[in-house]
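# Commentary on secondary and tertiary structure
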Amino acid sequence: MKYKHIKGLQLQKPSYLSTPNQKIRELLAGGEVELEKENLEEFESLGVQVQPIKKEPKKKVKKEEK
Amino acid sequence: MAVSGKVYSKSDFSIGIKNKNATAFETAAANDTAYELLPVINVSAPVLNLVESGEIRSNNAGMIELDTDQFRTTKGGFITMDFEVPAERDMIVRMLANVLQDHGESGSGPYVHTIQATSSAALARPDFTGSSTAGVPSIFDIGLYYPESAQDKMLTSAVIQSLTMNFDMADGRCLLSGTFYSGMASSSKFLVEQTLSANSAAPTLMSTSPTQIESYFDVKKLDVDGQTLEDIVITAVSFTFENNVARVGRDSNGDAESYAFGIPSVNITGELSIMYDGNVNFEATRNILIDFLGDGTSGTRATLKLQQGDGTVSTAGEMNIECEIYSTAVNLDPNADTGAVITIPFKVVQPTSSGAASGTAFKFEYADSTPSSGW
């Protein structure tokens, strides 16, 4: 699932995190990033907040009857 | 005998500290304790303040003091040791809790620590021989690691006597400096010729991810001239905590039986340097001098709020400092290289309402990844 950064990641030192640097940079840049369970657990232990991106279900397009 | 050609560097020396329950106040520091590294830049040596005198006595025709006139005893003495260390995330609370002997903790990672002196949570007098709760009373055993075995030293039941927490934007990081105090100077509590044996004779890191605390604040506000909190541009701010800890009593070894703390008071002073700008200057409603002059008979206190993070203190590394400051001078340096700077030396005071203590004198909140008790 993809996540967006809410707060706190900028206070952490990336080299001490097991979450890949690239993902951290993308999150800090405001991007939507795929995160694994261990990434989320690491963030939770530090109080770093991320928000899951909920994809809106595609609306079914009704065919117009003639 | 030939000279020794071995030369040592400051990197061969180190300081380790370890918190212990106050119930062990009279227990000597142990050489197999897993001391944790105090990452000082320069290692200082303990200063022995012993009871001594040497005066010429009567019936000495030679007019030079005799060796037998000399008196010096470790019994009744005390030891101090200065330090300066870059503040780290998992260490700053331990130091501040020790100097103020106050600490509250919540959470389980991140841990949220509160050290405060407020009307509803005033500083309590510590019982240095009682049982510690949440790490308070906080006393440290200190291991001084020297280059070769059987040269190490240990200080027993030390407390930080004074601590300065300095956020200077020019330094880039917060620096802590101060003095340890131990009222245990006898040969059984100030131990020399030791071999500190734990962890291959090296102190362990307080954290395997040592993170230095930077000198900046996301929020920095001062209610200048009795107005609402104004945003200020800080060039430096420091706080100095002094608790006047001193030994009391004397056991059979000559060591302290307890410590006096905060007698007559715990003093928090500091210095705030801010830019002379559109928010803080000498015009009406923004006049920082008015806080000093007050109504002409006493100055006016002001609230200083500093935050690293968004103020919620819920993420490791977030910090809130709130205090009530009473300026003791207002100095303007119009010639500073980066623009005119106002510097205010201050002391922290307990605000009152209708004559009774009301509100916050000093409150420090910090989130990190480490509990501050049980280490």
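Residues numbered from 1 in each chain as written. Chains lettered and ligands numbered in written order. Predicted model: local features only at pLDDT ≥ 70, side-chain atom pairs only at ≥ 80, totals over all residues.

## Some words on the overall build of chain B
Definition in use: Put simply, DSSP H or I for four residues or longer makes a helix, DSSP E for two residues or longer makes a strand, and each gets a number counted from the N terminus. Values of the radius of gyration come from C-alpha atoms, whereas the globule rule sets the reference at 2.2 Å times the count of residues to the power 0.38. Every C-beta atom is placed from the backbone, and the number of other C-beta atoms within 10 Å of a residue's own sets its class: buried at 20 or more, exposed at 12 or fewer, partly exposed in between. Contacts here follow a simple rule: the backbone-placed C-beta atoms of the two residues must lie within 7 Å.
The secondary structure content of chain B amounts to three helices and 23 strands. For a compact globule of 375 residues, the expected C-alpha radius of gyration is about 21 Å, and chain B comes in at 23 Å, within 12% of that figure. Structurally, chain B occupies a C-alpha span of about 75 × 55 × 45 Å along its principal axes. A total of 375 residues make up chain B; the buried ones form 41% of that total. Sequence separation of 24 or more characterises 71% of the internal contacts of chain B that already satisfy a separation of 6 or more.

## Observations regarding the overall build of chain A
For chain A, the helix and strand inventory stands at two helices and three strands. In chain A, the order of α-helices and β-strands from amino to carboxyl end is β-α-β-α-β. On C-alpha atoms alone, chain A measures out to a radius of gyration of 17 Å, which is more than a quarter above the 11 Å that the 2.2 N^0.38 rule sets for 66 residues. Overall, chain A is about 65 × 20 × 20 Å in size when its C-alpha atoms are taken along their principal axes. For chain A, buried positions account for 23% of its 66 residues. Across chain A, every contact between residues at least 6 apart in sequence was considered, and the portion connecting residues at least 24 apart equals 60%.

## With respect to the environment of B:Glu242
Residues and elements named next belong to chain B. Within the fold, glutamate 242 resides in strand β13 (residues 234-242). Put simply, glutamate 242 and asparagine 281 are 39 residues apart on the chain and 31 Å apart in space, counted from C-alpha to C-alpha. The contact partners of glutamate 242, leaving out residues within four places of it in the chain, are Ser162 and Asn267.

## Considering the interface of chain A and chain B
Applied cut-off: Only Asp, Glu, Lys and Arg are considered charged in this grouping, and only Ala, Val, Leu, Ile, Met, Phe, Trp, Tyr, Cys and Pro are considered nonpolar; every other residue, Gly among them, is considered polar.
Facing ten residues of chain A, the contacting portion of chain B comprises 13 residues. Here the side of chain A that touches chain B is built from residues that sort into four nonpolar, four polar and two charged.

## Re helix α1 (residues 92-100) of chain B
With nine of nine residues buried, α1(B) lies mostly within the body of the structure. Looking one or two residues beyond α1(B), the residue adopting positive phi is B:Gln101, at roughly 50 degrees.

## As for the nonpolar core
Residues and elements named next belong to chain B. Selection criterion: Note on definitions: a nonpolar core is a set of buried residues drawn from Ala, Val, Leu, Ile, Met, Phe, Trp, Tyr and Cys, linked by C-beta atoms within 7 Å.
Counting residues in each nonpolar core, the largest one holds 99 residues, and the members touching the most others are Ile92, Leu96, Ile142 and Leu155. Looking at this core element by element, the count peaks at eight residues for strand β8 (residues 152-168). With residues up to four places along the chain from it excluded, the contact list for isoleucine 142 reads Ile15, Ile17, Met154, Leu155, Ala158 and Phe180.

## A closer look at the sheet that holds strand β2 (residues 33-34) of chain A
Across a sheet, paired strands are connected by hydrogen bonds in the backbone, their directions being either parallel or antiparallel. All names here are of chain A. The test is simple: In short, DSSP must find at least two bridges between two strands for them to pair.
Judged by pairing direction, the sheet is antiparallel, and its three strands sit side by side in the order β2-β1-β3 without closing on themselves. Sheet topology places β2 and β3 (49-52) at the edges, where each strand pairs with a single neighbour. By the bridge criterion, two bridges tie strand β1 (residues 2-7) to β2 in an arrangement that is antiparallel. Considered in β2, the bridge of lysine 2 is made with glutamate 34.

## Considering the environment of B:Ser358
Residue and element names in this part refer to chain B. Relative to the assigned elements, serine 358 resides in the loop between β22 (356-357) and β23 (360-368). What makes serine 358 partly exposed here is the crowd of 13 C-beta atoms within 10 Å. The sequence separation of serine 358 and leucine 306 amounts to 52 residues, and the corresponding C-alpha distance is 20 Å. Once you skip the residues sitting within four places of it in the chain, serine 358 turns out to touch Ser119, Pro351, Thr352 and Ser353.

## As for the pairing of strand β7 (residues 139-145) of chain B
Residues and elements named next belong to chain B. Of all seven residues in β7, seven are buried, a share of seventy percent or more. Burial along β7 is two-sided: the residues Ile139, Asp141, Gly143 and Tyr145 and Phe140, Ile142 and Leu144 are all buried. Here strand β1 (residues 14-20) pairs with β7 via seven bridges, running antiparallel. Its bridge partner being in β7, isoleucine 17 is matched across the sheet by isoleucine 142. In this sheet, β8 lies alongside β7 in antiparallel orientation, the contact comprising four bridges. Across the sheet, residue phenylalanine 140 finds its bridge partner in β8, namely alanine 158.

## Looking at the pairing of strand β3 (residues 47-54) of chain B
Residues and elements named next belong to chain B. Of all eight residues in β3, zero are buried, a share of ten percent or less. Strand direction decides the pairing type here: β3 and strand β4 (residues 70-86), joined by seven bridges, are antiparallel. Residue asparagine 49 lies in a different strand from β4, and its bridge partner there is phenylalanine 78.

## Re unusual backbone geometry
Residues and elements named next belong to chain B. Look at the link from glycine 109 to proline 110: it is a cis peptide, with omega at 5 degrees. Here isoleucine 263 and proline 264 are connected by a cis peptide whose omega angle stands at 5 degrees. Tracing the backbone through its elements, the reader meets proline 264 in the loop between β15 (258-260) and β16 (267-275). The backbone of threonine 285 sits at a positive phi, close to 75 degrees, despite the residue not being glycine. Owing to 11 C-beta atoms within 10 Å, threonine 285 belongs among the exposed residues under this scheme. If you check the backbone angles, valine 313 has positive phi at about 45 degrees while not being a glycine. One can find valine 313 in the loop between β17 (302-308) and β18 (319-327).

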